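# Coordinate analysis (summary)
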Amino acid sequence: EDKVVQSPLSLVVHEGDTVTLNCSYEVTNFRSLLWYKQEKKAPTFLFMLTSSGIEKKSGRLSSILDKKELFSILNITATQTGDSAVYLCAVEGPFNKFYFGSGTKLNVKP
Amino acid sequence: NAGVTQTPKFQVLKTGQSMTLQCAQDMNHEYMSWYRQDPGMGLRLIHYSVGAGITDQGEVPNGYNVSRSTTEDFPLRLLSAAPSQTSVYFCASKPDGYYGYTFGSGTRLTVV
């Protein structure tokens, strides 16, 4: 059975801290892994990682993919209150089917 | 450019009623999917489509039907609503290739 597991389920930090979010997966015929940020409404796209792009960085956010060990991490440095959200990991299998983890809820306190 | 448009935003149904959640995208995307999101469960795939006229089941298809008569529209039909279908429903679309899904703003459905 294809599955995506995220940890921790929730996290509380203070502004300026660095956080690491984890995503492990077992998905047949892996094509890509994506990270999304979800605040009040719809998830918004952050990164896509594939066999040809196993490391991505955008500002304070960065992510790596380990295809051998079947996991990815999302790092956020110098956290701000605006980073408070649920972070979702999704893994793409065959036929463009995406399997989502249950998310990590991040709360950044001032 | 509207992106992915879902209607309605909120809906309350009585058990046994049927209804259709509408989804339309104006980006000419081939792939469209319906997800439901429950607390602590992440997003679960209900049905998806790889193009007009082609649909398939996801992880939790029971109680739902879909059709894709045009590239733009992908409605989700609840046949006989049950309280277990109380959830937030998201429609999403993507083009072919290595791209992520773009999500609509969601429909919050309550079945009483």
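Scroll up a little and you will see the structure.
Quick summary incoming for the structure in this document. None of the values given here were measured: they were computed from a predicted structure.

## Some points on the sheet that holds strand β3 (residues 19–25) of chain B
Strand pairing in a sheet relies on backbone hydrogen bonds, with the paired strands running either antiparallel or parallel. Residues and elements named next belong to chain B. Read from one edge to the other, the open sheet built from four strands follows the order β1-β3-β8-β7, with strand pairing classed as antiparallel. Each having just a single partner strand, β1 (4–7) and β7 (64–66) make up the two edges of the open sheet. If you compare each strand with its neighbour and ignore which way they point, the axes differ by 20° on average. The pairing of β1 with β3 spans four bridges and is classified as antiparallel. Counted as the bridge partner of Thr 5 is Ala 24 from β3.

## Let's talk about the pairing of strand β9 (residues 87–94) of chain B
Residue and element names in this part refer to chain B. With respect to burial, β9 is a largely interior element, eight of its eight residues being buried. On β9, burial covers both faces: Ser 87, Tyr 89, Cys 91 and Ser 93 on one face and Val 88, Phe 90, Ala 92 and Lys 94 on the other are all buried. Examined bridge by bridge, strand β4 (residues 31–38) and β9 share seven bridges and lie antiparallel to one another. Among the inter-strand pairings, Tyr 31 is bridged to a residue of β9, identified as Lys 94.

Basis of the calculations
- Residues numbered from 1 in each chain as written.
- Chains lettered and ligands numbered in written order.
- Predicted model: local features only at pLDDT ≥ 70, side-chain atom pairs only at ≥ 80, totals over all residues.
- Heavy atoms only, no water.
- Pairing = 2+ DSSP bridges.
- Helix = DSSP H or I, 4+ residues; strand = E, 2+ residues; numbered from the N terminus.
- Axes fitted to C-alpha atoms, helices over the stretch in contact; angles between N-to-C directions.
- Buried < 20%, exposed > 50% of the residue type's maximum accessible area, 1.4 Å probe, protein only.

Without other data, these values stay purely geometric and don't point to any function.
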